[in-house]
Amino acid sequence: MKLLKKTNRTYFVTSALAFIVFGAVIYFFLSFIFEGQLNEKLLSDRLSVIRNIDKDGSLPYFPPFIEVQKVPGQTEQPVVSVDTLIFDFNEKENIPFRQISSVTAINGQTYLIIVRDTLLEKGDLLMTIIVAIGVVFVLLIISLYFINKRLSLKLWQPFYSTLDNLKGFSQDKPDIKLPAETKIDEFIELNKALENLKLKVISDYQSLKRFTEDASHEIQTPLAVIQSKLETLVQYPDLKKDQAELIKSAYSSVQRISKLTQTLLLLTKIANDQFPEKRSVNLSDLLEEKIKLFEDQINGKSLTLKKEIEPDCFLETNFFLAESMIVNLAGNAVKHCITGGIINIRLNKSKLEILNSGVPFSVLSSKLFERFFKVNASSESQGLGLSIVKEICSLNGWKIDYLYEDNQHKFIVEF
Amino acid sequence: MKILIIEDEQELLATMKNYLESEGFLCETAISYFEAEDSLSVYNYDIIVLDLTLPGGNGLDLIKLIKDRNRQAGLLIVSAKNSLDDKIKGLDMGADDYISKPFHLAELNSRIKSLARRRHFNGTNEVSFNEIKINVDSNEVSVNGENIDLTKKEYLILLYFMVNRNKLITRESIAEHVWGNDISYADNFDFIYSQIKNLRKKIGQKNGRDYIHNMYGMGYKFSDR
């Protein structure tokens, strides 16, 4: 929900509630005052009537407001107040009246004095209050809406432009000017906090990047020394067979460590999003090209390769990562396919499927994507290929799935 | 042919120097940015091997100096950072080739010789070994004067052998040279055997001698001894 909508809604609800309470209070207050005044007026009317009778003995008669009768022989009775309905011939409806009546002795005569006046109709009062308050309420809401709209355009402007800047922020383009100009304290603070955060993010990213590169350098250089020494050592003429065996096994271990380091660094770099350059990659061409890499192995294992590759499938992604994903998946399929088996490679604009014949795994397939997981523990593989594929997929927002059906291992990447 | 090797790791530097000298190159070395600056401002080199990570300065800055002082020199960059940025920057600034650590000495040798050939420093575009001749411009291979048809991979393997003659070349090195780094996904190197078998057969058909010797199950040596 937009900020403006939310404020408007809150204003609307709270002012509606306030107006209802306000209306009720006014209603009870007004009716209390009216009634008090009415009672006072009736009492003073009664006193005027008594004074008139006392002065000249005339009996005022203004029905239905004042009615006086002689009631000889009755004892005096105190003032009684009642509400009553009297039919009005002009308006042709019952109208509520308040009347006070008393039997009063004046100059030895007893009189029944009834004084009445119209009661304010409660319905009318209520209606009037509702209409008045309603009009004020609607006017208030309309003006609040426009004031808010203007305010949010003007006041919140720095906030929205900062937000836009933030959306465009990325670690490989740290030059972006983050905070927008503003004079409001809260926004100035927000911008300061964001600026600090930005500097920290950039420096963290840079130091992480430097760390992986330094680690790579520090490990690869000694490995290069070992490898080159072994390659020099093996050039000596008349090496004995057991000496050569020692060199051979040391050499292959160096190779493994070197590959492992490269792979781990690659994983770290993917996780740190150190492959920011994206462009439109023709996955179909890339796939065809990479399959050629494995031709010799495919022929060597007498595999049948079936390709259903839709031409010109383009993806917006990092070229190196797309390449890495394809090589890993295709390489796995070739490596794990049983001799004489079938490899199926299908690509269309929405997904890539790579299948190879093989026996089902004895382990949980959910573990396949874990680092250093190997189906066959004694295998010389690193157990990192599928972790890389998974990292690449999650970085790009693709979905990777594994299935075993019809005696085939099936990997599906949905773009 | 004179080569300057700029590398701060002395052990590696010594091995590279020995290997390249045994291949008949004249090698000079520099172990820091300043030494490299000195050598570059005084002498001319045909080929320069430059490690980008140097004490005292960034190797990328040296490229500028090399391009100013030694314009005609072939430049091969070595880096352990395996960083794409450095590679692209280096090649943009005028480096001719890039190799990342750890590398095979045979690969280094092959790249340097390829640089040398491209620049025609030795006045020829032909690599030959007794009856076998390769024209590296037209990619034609002849045995005893008769052309033979090789696949691209067989051609690359043969050229790699002939450039690194009399040296043991490991299977890993051949595989990476011919199939690229992606080949590490292979289980075994059977596919190299079959390529080499075909190569032997094709050379044998034109009465060429078999110079490819299997060494300790570790690799091959191309030699007439």
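Residues numbered from 1 in each chain as written. Chains lettered and ligands numbered in written order. Predicted model: local features only at pLDDT ≥ 70, side-chain atom pairs only at ≥ 80, totals over all residues.

**Looking at the overall build of chain A**
Move 1: Of the regular secondary structure elements, chain A holds nine helices and 11 strands.
Move 2: When the 415 residues of chain A are sorted by exposure, 20% land in the buried category.
Move 3: The long-range fraction of contacts in chain A, counting pairs at least 24 apart against all pairs at least 6 apart in sequence, stands at 62%. (Helix = DSSP H or I, 4+ residues; strand = E, 2+ residues; numbered from the N terminus. Buried ≥ 20, exposed ≤ 12 C-beta atoms within 10 Å, placed from the backbone. Contact = placed C-beta atoms within 7 Å.)

**Description of the overall build of chain B**
Move 1: The helix and strand tally for chain B stands at eight helices and 14 strands.
Move 2: A sequence separation of at least 24 residues applies to 57% of the contacts in chain B between residues at least 6 apart.

**Let's talk about helix H8 (residues 319-336) of chain A**
Move 1: Spanning 18 residues, H8(A) covers 26 Å between terminal C-alpha atoms, matching the ideal 26 Å at 1.5 Å per step.
Move 2: Counting buried residues in H8(A) gives 13 out of 18 residues, a clear majority hidden from the surface. (Expected span 1.5 Å × (residues − 1).)

**Structural notes on the sheet that holds strand S6 (residues 304-309) of chain A**
All names here are of chain A.
Move 1: Pairing within the open sheet is mixed, and its five strands lie in the order S6-S8-S9-S11-S10. Each having just a single partner strand, S6 and strand S10 (399-405) make up the two edges of the open sheet. Strand-to-strand twist in this sheet, taken as the mean axis angle between neighbours without regard to direction, amounts to 10°.
Move 2: Across five bridges, strand S8 (residues 342-347) lies against strand S9 (residues 351-357) in antiparallel orientation. Bridged to Ile 343 within S9 is Asn 356.
Move 3: Of the strands in this sheet, S8, S9 and strand S11 (408-414) are in contact with H8, which crosses S9 at around 15°. (Pairing = 2+ DSSP bridges. Axes fitted to C-alpha atoms, helices over the stretch in contact; angles between N-to-C directions.)

**Thoughts on helix H1 (residues 10-22) of chain B**
Move 1: Under the 1.5 Å per step criterion, the end-to-end length of H1(B) is 18 Å for 13 residues, consistent within 8% with the ideal 18 Å.
Move 2: The inward-facing, buried residues of H1(B) abut helix H4 (185-233) of chain A together with strand S1 (2-6), strand S2 (26-30) and helix H5 (105-118) of chain B.
Move 3: Gly24(B) sits one or two residues past H1(B) and shows a positive phi near 95°.

**Looking at the interface of chain B and chain A**
Move 1: At the interface, 34 residues of chain B touch 32 residues of chain A.
Move 2: Mapped onto the side of chain B that touches chain A, the elements with two or more residues apiece are H1, strand S12 (168-170), helix H7 (171-179) and helix H8 (190-205) of chain B.
Move 3: With six residues, the single largest contributor to the side of chain B that touches chain A is H1(B).
Move 4: Its residues placed into classes, the side of chain B that touches chain A shows 15 nonpolar, 10 polar and nine charged. (Nonpolar A, V, L, I, M, F, W, Y, C, P; charged D, E, K, R; others polar.)

**Some words on the environment of Thr15(B)**
Move 1: With respect to the helices and strands, the residue Thr15(B) is situated in helix H1.
Move 2: What makes Thr15(B) buried here is the crowd of 23 C-beta atoms within 10 Å.
Move 3: Apart from residues no more than four positions distant in its own chain, Thr15(B) is found in contact with Ser228(A), Lys229(A) and Thr232(A).

**Section: the sheet that holds strand S11 (residues 146-148) of chain B**
All names here are of chain B.
Move 1: The strand order S8-S9-S10-S11 describes an open sheet built from four strands, whose pairing is antiparallel. Two strands in the sheet have a free side with no partner beyond their single neighbour: strand S8 (126-129) and S11. Averaged over all neighbouring strand pairs, the angle between strand axes comes to 25°, with direction disregarded.
Move 2: Judged from the four bridges that link them, strand S9 (residues 132-135) and strand S10 (residues 140-143) form a sheet pairing that is antiparallel. Paired with Lys 133 across the bridge in S10 is Ser 142.

**Considering the pairing of strand S3 (residues 93-106) of chain A**
Residue and element names in this part refer to chain A.
Move 1: Alignment of strand S2 (residues 77-88) against S3, held across 10 bridges, turns out to be antiparallel. When the bridges of S3 are listed, Phe 87 appears paired with Asn 94.
Move 2: Where S2 hands over to S3, the hairpin turn is made up of four residues, of which Lys 92 adopts a positive phi near 55°.
Move 3: Two elements, S3 and strand S4 (residues 109-118), share 10 bridges in a ladder whose sense is antiparallel. Residue pairing across strands places Ser 101 opposite Ile 114, the latter belonging to S4.
Move 4: Hairpin connection, S3 to S4: the antiparallel pair is bridged by two residues, and Asn 107 has positive phi, about 45°.

**A few points about the pairing of strand S14 (residues 219-222) of chain B**
Two faces belong to every sheet, and in a regular strand the side chains alternate between them.
Residue and element names in this part refer to chain B.
Move 1: Where burial is concerned, the two faces of S14 agree: the one with Gly 219 and Lys 221 and the one with Tyr 220 and Phe 222 are both buried.
Move 2: In this sheet, S14 lies alongside strand S13 (residues 212-215) in antiparallel orientation, the contact comprising four bridges. Note on S14: the bridge partner recorded for His 213 is Lys 221.
Move 3: The turn joining S13 and S14, which pair antiparallel and follow one another in sequence, is formed by three residues; a positive phi near 50° is taken by Tyr 216.

**Details of the environment of Glu308(A)**
Residues and elements named next belong to chain A.
Move 1: Relative to the assigned elements, Glu 308 resides in strand S6.
Move 2: What makes Glu 308 exposed here is the crowd of 10 C-beta atoms within 10 Å.
Move 3: Considering only alpha carbons, one finds Glu 308 and Ile 345, 37 residues apart in sequence, at a separation of 6.2 Å.

**Structural notes on the confidence of the model for chain B**
Do not read the predicted coordinates in detail wherever pLDDT is low.
Move 1: The predicted model of chain B averages 86 in pLDDT, with 93% of residues at 70 or higher.
Move 2: Scored by ipTM, the complex comes to 0.81, with pTM at 0.65. (pLDDT = per-residue confidence, 0-100.)

**Looking at unusual backbone geometry**
All names here are of chain B.
Move 1: Omega for the bond connecting Lys 101 with Pro 102 falls within 30 degrees of zero, at -10°, which places this linkage in the cis form.
Move 2: Mapping Pro 102 onto the fold places it in the loop between strand S7 (97-100) and H5.
Move 3: One non-glycine residue, Asn 144, adopts positive backbone phi at about 55°.
Move 4: Along the chain, Asn 144 falls in the loop between S10 and S11.

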